[in-house]
Structure formats: C-alpha cells, structure tokens
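An overview of the molecular structure
Listed below are the residues making up each chain.
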Amino acid sequence: MLFFDPLRTVIVYMEGNLGVLLRRLYYRTCLGGMGKKVKIDPGVVFLNPQNIFLGDHVWIDRGVKLIAGLPSGERRMKRIISGANESPGMLRIGSHCHIAPDVIIQAHGGVRIGSELTIGAGSKIYSLSHHYRNPDDDTDDTPYRFVGSVDPDLQFLISGSVVIEDGAAVAMNSIILPGSVLSAAAWITAGSVLRGSVPPGAIASGNPAKVVKFRPGFER
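Here's what I pulled together on the structure shown here. This one's a predicted model, so the numbers in the text were calculated from it and none came from an experiment.

**Quick look at the overall build of the chain**
- Helix and strand content of the chain: two helices and 24 strands.
- The C-alpha radius of gyration computed for the chain amounts to 18 Å, which stays within 12% of the reference 17 Å derived for 220 residues, consistent with globular compactness.
- Each of the three principal axes of the chain carries a C-alpha extent, and together these read 55 × 50 × 25 Å.
- For the chain, the proportion of its 220 residues judged to be buried stands at 45%.
- The contacts in the chain between residues at least 6 apart in sequence include a share of 37% that link residues at least 24 apart.

See the structure below:
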C-alpha cells in the first residue's frame, strides 16, 4: 500500500499522452465499466469508482469530481419520485460525452447522463441534498441544519435521480437539483438552476429554469 499510493498519484496527475494512456489502463480496473477511447485528464477525482460507468469516447476534463455510492449514516430522507429513474448511488455516462472542467456530479441519489452531449464547465449535478424542512410533516418545526456532521435528528435529506437524455446540453455554471429531468435535445442556458423537468427540444433559462422557447423542429 505504501508503494501503491505514490504510484497512483503519479498516474492520476501525469501530463501528456502517456498520462492519458496510463489512466485509461488504471481506471479500467477500478470503474464499474468503461468503453473505448475514454480520455481522463489529470487530477480527476472518482469517489466509489466501482459505481461509475462510462461509455465510448467520453472525455472527463480537468478538475472534475465524480461522486457515486450511497451516502453514509442514517438520516431522515424523502425520495423524490419523478420521470427520472436511476438506481441510487449509480452514475452512468453515455457515449461521446464531454464533462467539462470543474464539474461536480454527485450521484448518491442516482444520475444517468445520455450520449452526445456536454456538461458545461463549472456545472453541478446533485441527486441528494439537505433540506430546510420536513416536506412530509407540516407540523415539524425542527430547525434542520445544512451540514452532515451534526446529530442525524437535525438533518433532513432530499434524494432523487437526475436524468439528462441524449443530445441535451447543460451550459456552464448551471446547477441541476435532485429529481430533475433534462429531456432529449433540451438545453439549459448558462447559470441556470433546474429543479423539475424540461421537455424535449426546449430551451430553459433562469433560476428556477423555465422554458423560454423551443428548438427548430420541436413544438411547444
């Protein structure tokens, strides 16, 4: 182990084509699945890589953090049931995808990303988050905390799969919250916050993101 950790560090941060090749070989032994011609740039972080699956021609850019697996500890939680459907803890990314620099994808509630799309630089996808109240009990006046290190009785979590379908687009610095669905060929504009769903071919913008128009060939 003392030998392996420095070796892994060298592989993870090595520049150039040799670094790309070594990471491809190394992560093929760690990830749940990895397709052909995957490019992983230096410094990418994988948490619970056995729960992460990458398709063909995926490019994971610098500074990306991919977080999978189930959350630790027992806390109050509500699971959002929506059109999104992915197993909690699993992160699946389709083929011909670019996960741009400094993206964070947290898949505790399950995340599925389709093919032929980009998750823009600085964007964040969260499938589990703390909530300020108990949505199942209007009489519950507990002052819930937004931190995981306090008493579990002072925490309430919202969990929900996030699905981004084929040909969609997530522009830079956007945020996608638990239970959201970005349908096929739909786009959200830069800096948007998505909580809910966007229909196929729609362009949504703002906080919260709302449909502003449809792409040519798609009807409202």
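**Quick word on the environment of Pro-199**
- With respect to the secondary-structure elements, Pro-199 resides in the loop between strand 22 (197–198) and strand 23 (202–205).
- Sequence separation of Pro-199 and Leu-70 is 129 residues, and the distance between their C-alpha atoms is 29 Å.
- If we ignore the near neighbours within four places in the chain, the residues touching Pro-199 are Ser-183, Ala-186, Val-211 and Phe-214.

**A short note on the sheet that holds strand 7 (residues 76–79)**
- Read across the open sheet, the three strands follow the order 7-15-14; overall the sheet is mixed. Looking at strand neighbours, the two that pair on one side only are strand 7 and strand 14 (128–130), the edges of this open sheet. Neighbour-to-neighbour, the strand axes of the sheet open up by a mean angle of 25°, direction not taken into account.
- Of the pairings in the sheet, the one linking strand 14 to strand 15 (residues 156–159) comprises three bridges and is antiparallel in character. In the sheet register, Leu-128 faces strand 15, and the bridge partner there is Ser-159.

Criteria and thresholds
Residues numbered from 1 in each chain as written. Predicted model: local features only at pLDDT ≥ 70, side-chain atom pairs only at ≥ 80, totals over all residues. Heavy atoms only, no water. Helix = DSSP H or I, 4+ residues; strand = E, 2+ residues; numbered from the N terminus. Rg over C-alpha atoms; globule rule 2.2 N^0.38 Å. Buried < 20%, exposed > 50% of the residue type's maximum accessible area, 1.4 Å probe, protein only. Contact = heavy atoms within 4.5 Å. Pairing = 2+ DSSP bridges. Axes fitted to C-alpha atoms, helices over the stretch in contact; angles between N-to-C directions.

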